[in-house]
Amino acid sequence: MPEAIEVRKVPIHSVADASELAKLIDDGVMEASRVIAIIGKTEGNGGVNDYTRIIADRAFREVLVEKGAPADQVKQVPIVWSGGTDGVISPHATIFATVPADKAEPSDDLRLTVGFAMSEPIKPEEIGYVAMVQKVADAVKVAMERAGITDPADVHYVQTKTPLLTIHTIRDAKSRGHEVWTEHTHESMDLSNGTTGLGIAVALGEIEMPTDADVMHNRSLFSSVASCSSGVELDQAQVVVVGNARGVGGRYRIGHSVMQDALDADGIWSAIKDAGLDLPERPHTSDIQGRLVNVFLKCEVSQDGQVHGRRNAMLDDSDVHWHRQIKSCVGGVTASVTGDPAVFVSVSAAHQGPDGGGPVAAIVDLGEGEPTGYRWTR
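The numbering scheme is per chain: residues are counted from 1 as the chain's sequence reads. It should be noted that, the model being predicted, local features are given only for residues of pLDDT at least 70 and side-chain atom pairs only at 80 or more, the latter also being counted only at that level, while totals for whole chains, interfaces and linings use all residues. Hydrogen atoms and water are omitted, and side-chain values are computed over all heavy atoms in the structure.

Chemist: I would appreciate a short explanation of the overall build of the protein chain in the present structure.
Modeler: Regarding its fold elements, the protein chain presents eight helices and 14 strands. Based on C-alpha atoms, the radius of gyration is set beside the globule rule, defined as 2.2 Å times the residue count to the power 0.38. In terms of overall size, the protein chain behaves like a compact globule, its C-alpha atoms giving a radius of gyration of 19 Å where 378 residues would be expected to give roughly 21 Å. With respect to the three principal axes, the spread of C-alpha positions in the protein chain is 60 × 50 × 40 Å. In the protein chain, buried positions account for 59% of the 378 residues. Here the analysis covers contacts within the protein chain between residues at least 6 apart in sequence; of these, 82% occur between residues at least 24 apart. Here the Shrake-Rupley method, with its probe set to 1.4 Å, supplies the accessible areas, and only the displayed protein chains count as covering residues. Total accessible area on the protein chain is roughly 15,500 Å²; 47% of this is exposed by carbon and sulfur atoms. Positive charges come from Lys and Arg, negative ones from Asp and Glu, while His and the chain ends are left out of the count. Lysine's charge is taken at NZ, arginine's at CZ, aspartate's at CG and glutamate's at CD. Averaged over its 34 positive side-chain charges, the protein chain has a centre that lies 3 Å from the centre of its 53 negative ones. Numbered from the N terminus, helices here are DSSP runs of H or I no shorter than four residues, and strands are runs of E no shorter than two. Buried residues are those whose accessible area, probed at 1.4 Å on protein chains only, stays under 20% of the maximum for their type, while exposed residues exceed 50% and partly exposed ones sit between those limits. Here a residue-residue contact requires only that any non-hydrogen atoms of the pair lie within 4.5 Å.

Okay, here's the thing in structure tokens:
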């Protein structure tokens, strides 16, 4: 039986800072050896060469080892960093840890659970094709099982990290007689994320197995719970499934919805309500009352270059890539809902939510006593 989960969001004060994780452990909020996943935002460029992700990864793993977790175990902890804190988005990390049975709040209701899996190695020539879709789908099913989730409807957030194409891996594929989907390394970020989104959708029964021709072209195929990132630091799909299960106990619950477009604040509120927070019909930031731990979003520029029927120039801008512009826009919309700029907003959402929008997941604190989240004040 999966264990109850403690989840906290902490600020990152500088690019190599993990002091707030150390403080959580020192204060007895969680044990280093019980940390099972970390998902966060770093302040780099969000591109292929965003090394702030590697710096943050090292800093957080070093703290876990220093605080008593076995080094070999720490190497296996899935840590997913999304680079780029454009606009008001603030660098932060959300940390998941198991809770000893004697310290967990008992509950027979649906409560937060987490499962993790790694896929089979993904070859560079498989990125963008059904072969990668299948490997991701298989890993998602393993992670679901480890989370104790049997009904796909109880999965509300699937965070992944997958390989993208680099000059080195492109050359490797060619040396073995294979072609790759694209030789543009930055484009391969969108490609890897989109292919992974389709794999998640297949695993959860949201769609049937697509064809190679569907990848990046048939945007009607998507997952409503996928949040896919890619980078240079691994050659497998790293999969974290977050959902709800009965009997695990604890004080947290997760829900999800989708933003239909970049300005759809109601989609964010819907995710918070779906997680179980009781809100009025027209909620305000102050109604959250510190019960929101964090929200996790993906965003994408609409392929028609419009929002609410108005033309924008993001896809034509040669000075600032659309990745940075849409991330900044959606980050501002999200922070206006939560009242907290430390929100997980990640770009490149092909096959993750509807075109021009994206999935939203929200974790809330439903426990007794003082809430653990950020409390908005004017």
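Chemist: What is the right way to look at the UniProt feature "binding site: Mg(2+)" (unreviewed entry) in the protein chain in this model?
Modeler: According to UniProt, the feature "binding site: Mg(2+)" (unreviewed entry) maps to E300, A349, Q352, G353, P354 and G357 in the numbering used here. The greatest C-alpha distance among the residues just named is 9.1 Å, despite their covering 58 residues of sequence, which places them together in space. Looking at the secondary structure, you find E300 in the loop between β10 (292–299) and β11 (306–307). The exposure class assigned to E300 is buried, which follows from its relative accessible area of 4%. Once residues within four sequence positions are removed from consideration, E300 is found in contact with R219, W322, I326, S348, A349, A350, G356 and G357. Within the structure, the side chain of E300 is placed 3.3 Å from the side chain of R219, a separation counted as a polar contact. Relative to the assigned elements, P354 resides in the loop between β13 (344–347) and β14 (358–365). UniProt positions are given in the numbering used here, feature names are shortened, and annotations may be inferred rather than shown by experiment. Any pair of nitrogen or oxygen atoms within 3.5 Å is treated as a polar contact; in protein, a donor-acceptor pairing is required on top of that, and neighbouring residues in sequence qualify only through side-chain atoms on both sides.

Chemist: What exactly am I supposed to notice about the environment of D190 here?
Modeler: Mapping D190 onto the fold places it in helix α6 (residues 185–203). What makes D190 buried here is its relative accessible area of 12%. Residues D190 and R246, 56 residues apart in the sequence, show an inter-C-alpha distance of 36 Å. In contact with D190, other than residues within four places in its own chain, are M216, W322, H323, S348 and A350.

Chemist: Which parts of the structure should I look at to understand the packing of helix α7 (residues 265–274) against helix α8 (residues 322–338)?
Modeler: Pairs of packed helices are described in terms of their axes, by the angle between the two and the distance that separates them. Here an axis means a line fitted to C-alpha atoms, over the contact stretch when the element is a helix, while the angle between two N-to-C directions is reported on a 0 to 180 degree scale. One can describe the packing of α7 onto α8 by two numbers: an axis separation of 9 Å at closest approach and a directional angle of 50°. Between α7 and α8, the angle falls in the class oblique. Relative to α8, the crossing made by α7 is right-handed. Together, A265, I268, W269 and I272 of α7 and V333, T334 and V337 of α8 make up the contact between the two elements. Grouping the amino acids of the contact of α7 with α8 by side-chain chemistry returns six nonpolar, one polar and no charged. Should an angle lie under 35 degrees it is considered roughly parallel, over 145 roughly antiparallel, and from 65 to 115 roughly perpendicular; all remaining angles are considered oblique. Working rule for handedness: look at the near helix, and if it is turned counterclockwise from the far one by less than a right angle, call the crossing left-handed; if clockwise, right-handed. Polar here means any residue other than Ala, Val, Leu, Ile, Met, Phe, Trp, Tyr, Cys and Pro, which are nonpolar, and Asp, Glu, Lys and Arg, which are charged; Gly is therefore polar.

Chemist: Looking at this model, I keep getting lost on helix α4 (residues 130–147). Mind explaining?
Modeler: Since the α-helix turns once every 3.6 residues, residues separated by three or four places project in the same direction. Take the number of residues in a helix, subtract one, and multiply by 1.5 Å to get its expected span. Look at α4: 26 Å from first C-alpha to last across 18 residues, which is about the 26 Å you get at 1.5 Å a residue. Of the surrounding secondary structure, the elements contacted by the buried residues of α4 are β5 (110–118), β6 (155–163), α6 and β8 (238–246). Of the residues trailing α4, G148 is marked for its positive phi of about 80°.

Chemist: Would you take a moment to explain empty space enclosed by the protein for this structure?
Modeler: In this analysis, the protein atoms alone were mapped onto a 1 Å grid. Cavities are point sets where a 1.4 Å probe fits without being able to get out; pockets are open sets with protein on both sides within 12 Å along at least five of seven lines; lining residues have an atom within 4 Å of a point. Grid points are joined across faces, edges and corners, and a volume is the space filled by probe spheres set on the points. Scanning all chains against the criterion turns up four cavities of 30 Å³ or more. In this structure, the largest cavity spans a volume of roughly 100 Å³. Surrounding the largest cavity, 16 residues form its lining, G46, S82, G83, M189 and S346 being those nearest its centre. Secondary-structure elements contributing two or more residues to the lining of the largest cavity are β3 (79–83), α6, β7 (226–231) and β13. Of the residues assigned to the lining of the largest cavity, the class counts are four nonpolar, eight polar and four charged. Here the second largest cavity is characterised by a volume of approximately 60 Å³. Every residue along the wall of the second largest cavity is listed here: K9, I288, L292, V293, N294, V295, T338, D340, V343 and Y374. Looking at the lining of the second largest cavity element by element, the count peaks at four residues for β10. Here the residues of the lining of the second largest cavity sort into six nonpolar, two polar and two charged.

Chemist: In this structure, what is going on with the packing of helix α1 (residues 19–26) against helix α2 (residues 52–66)? I would like to understand it.
Modeler: It is at 9 Å that the axes of α1 and α2 come closest, and there the two elements cross at 25°. In this view, α1 runs roughly parallel relative to α2, as classed from their interaxial angle. As α1 packs across α2, the resulting crossing turns out to be right-handed. For the pair α1 and α2, contact is made by L21, A22 and I25 and by F60, V63 and L64, respectively. Here the residues of the contact of α1 with α2 are counted per class, giving six nonpolar, no polar and no charged.

Chemist: I keep staring at a nonpolar patch on the surface and nothing clicks. Help me out?
Modeler: Each patch groups residues whose relative accessible area exceeds 30% and which form no salt bridge, using 9 Å between like charges and 5 Å between nonpolar side chains of Val, Leu, Ile, Met, Phe, Trp and Tyr. By definition here, a salt bridge exists when the distance from a side-chain nitrogen of Lys or Arg to a carboxyl oxygen of Asp or Glu is within 4 Å. On the surface, a nonpolar cluster with roughly 260 Å² of combined accessible area is contributed by Y51, I54 and V232. Relative to the elements of secondary structure, I54 occurs in helix α2. Looking at I54, the relative accessible area reads 35%, which means it is partly exposed.

Chemist: Just to check I follow, could you spell out the environment of E20 for this structure?
Modeler: Take E20: it is sitting in helix α1. In the structure, E20 is positioned 43 residues away from V63 in sequence and 9.9 Å away in space, judged by C-alpha atoms. Excluding residues that lie within four positions of it along the chain, E20 makes contacts with V10, P11 and H13. In terms of polar contacts, E20 uses its side chain to reach the side chain of H13, at 2.8 Å.

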